[in-house]
Amino acid sequence: MLRALRRCGGMVLTLVVSSFLIFAAMYAAPGDPATFLIGNPEEATPERIAAIEAQYHLNEPLLSQYWHWASNVFTGDLGTSAQYRQPVADLMASRLPNTLSLVGYAALLFTGFGILLGVLAAVRRRRTADSVIVATTTLAASVPSFVIGILLVSQFAVRLGWFPVAGAGEGFFDRVHHLTLPAVALSLGAVAIVSRVTRQSMVEQFDAEHVEFARGFGLAERKVIIRHVLRNAWGPIVTMISLIMASMLAGTVAVESVFGISGVGALLVDAINAHDFAVVQAVLLYMVVAYMIVTLLVDLLLPLFDPRINTKVKTS
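A short tour of the structure in this document, coming up.

About the thresholds
Residues numbered from 1 in each chain as written. Predicted model: local features only at pLDDT ≥ 70, side-chain atom pairs only at ≥ 80, totals over all residues. Heavy atoms only, no water. Axes fitted to C-alpha atoms, helices over the stretch in contact; angles between N-to-C directions. Helix = DSSP H or I, 4+ residues; strand = E, 2+ residues; numbered from the N terminus. Parallel < 35°, antiparallel > 145°, perpendicular 65-115°, else oblique. Left-handed = near helix turned anticlockwise from the far one by under 90°. Contact = heavy atoms within 4.5 Å. Buried < 20%, exposed > 50% of the residue type's maximum accessible area, 1.4 Å probe, protein only. Core = buried A, V, L, I, M, F, W, Y, C linked by side-chain atoms within 4.5 Å.

### Observations regarding the packing of helix α5 (residues 88–123) against helix α11 (residues 234–249)
Alright, step 1. The geometry of α5 relative to α11 is characterised by a closest axis approach of 10 Å and an angle of 150 degrees between their N-to-C directions. Between α5 and α11, the crossing angle belongs to the class labelled roughly antiparallel. Between α5 and α11 lies a crossing of right-handed hand. For the pair formed by α5 and α11, the contact residues are Leu-100, Val-103, Ala-106, Ala-107, Phe-110, Thr-111 and Ile-115 on the first element and Trp-234, Ile-237, Ile-241, Ile-244, Met-245, Met-248 and Leu-249 on the second.

Next comes the structure, spelled out in structure tokens:
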């Protein structure tokens, strides 16, 4: 109970500090926020600037401005986009499904292939298969996702015509078709990380006493790997997968730009270029909250994969 309260208190403190830094950073940017909010320089008369400053509380101290903004955010009012002239909440709601679909698809790919390759490398450690997997995944991790995306577009979308060049698609199957190349580009580096963690975690378990005991008891090697090696290696694997997913929720900018996907990442780039403060603040806040939610879910679900964690908590 005390651990849960400390965890919740830490999350609230993190959210408050992060939101304040996000808000302060926007208004510390070069230029007059009132002028950017007006948009058209010809309309930036002293009277118009004064009205905008009063409307957005720009003539008040920074802490007072932050309080007004945070209070509105708490009630679901993220402000109005100066570029699109729409509520930011509506913009986020229209873009978020594309980003979540892309991240979810990529998560399925890097989780499945990463664990599969990691298990194969661990079982075949110090052999040719292990060396090939380690070398291939190391090469894949060294190539930026936007470079992989450009190569995939040129080969499989433009040259072969197997996949669409841009867009997120409509409907389940059409969306899967559109997001296959972006998901591969986004997940390729993550496959390398998950496979390495899986391999290392399993190799450590191979040398454990309970594994040697199971082998001495006459248990088949396949059952030893599944019941004693992989089962006890899940903790680091699940933790790494969750951290990668959390970072992906904030790291789809390059892939969405390459594939022309109208997601949150592309929205952030457009908002930064247009000095659309309300949108930038909302997207950055979403990234912080998404990361916090994923890490919280990991803390809650990890004991299901590694029961030893509950034992450690009870004895501490």
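### So, the side chain of Ser-242
Alright, step 1. Looking at the secondary structure, you find Ser-242 in helix α11.
Alright, step 2. For Ser-242, a relative accessible area of 8% translates into the label buried.
Alright, step 3. In this structure Ser-242 touches Val-294 and Val-298, once residues within four positions along its chain are discounted.

### Re the nonpolar core
Alright, step 1. Membership of the largest hydrophobic core comes to 59 residues, with the highest contact counts inside it found for Phe-110, Met-202, Met-248, Val-283 and Tyr-286.
Alright, step 2. Among the elements of the structure, α5, α7 (145–159), α8 (172–206), α10 (221–230), α11, α12 (253–259), α13 (264–273) and α14 (277–305) are those that each provide at least two residues to this core.
Alright, step 3. Top element by residues in this core is α5. It accounts for 13 residues.
Alright, step 4. Leaving out residues up to four positions away in the same chain, Val-283 has contacts with Met-92, Val-264, Leu-267 and Leu-268.
Alright, step 5. Judged by nonpolar contacts, the second largest core, of five residues, contains Phe-23, Tyr-66, Trp-69 and Val-73.

### Quick look at unusual backbone geometry
Alright, step 1. With a phi angle near 55 degrees, Arg-85 is a residue other than glycine that sits in the positive phi range.
Alright, step 2. Among the secondary structure elements, Arg-85 is positioned in the loop between α4 (62–74) and α5.

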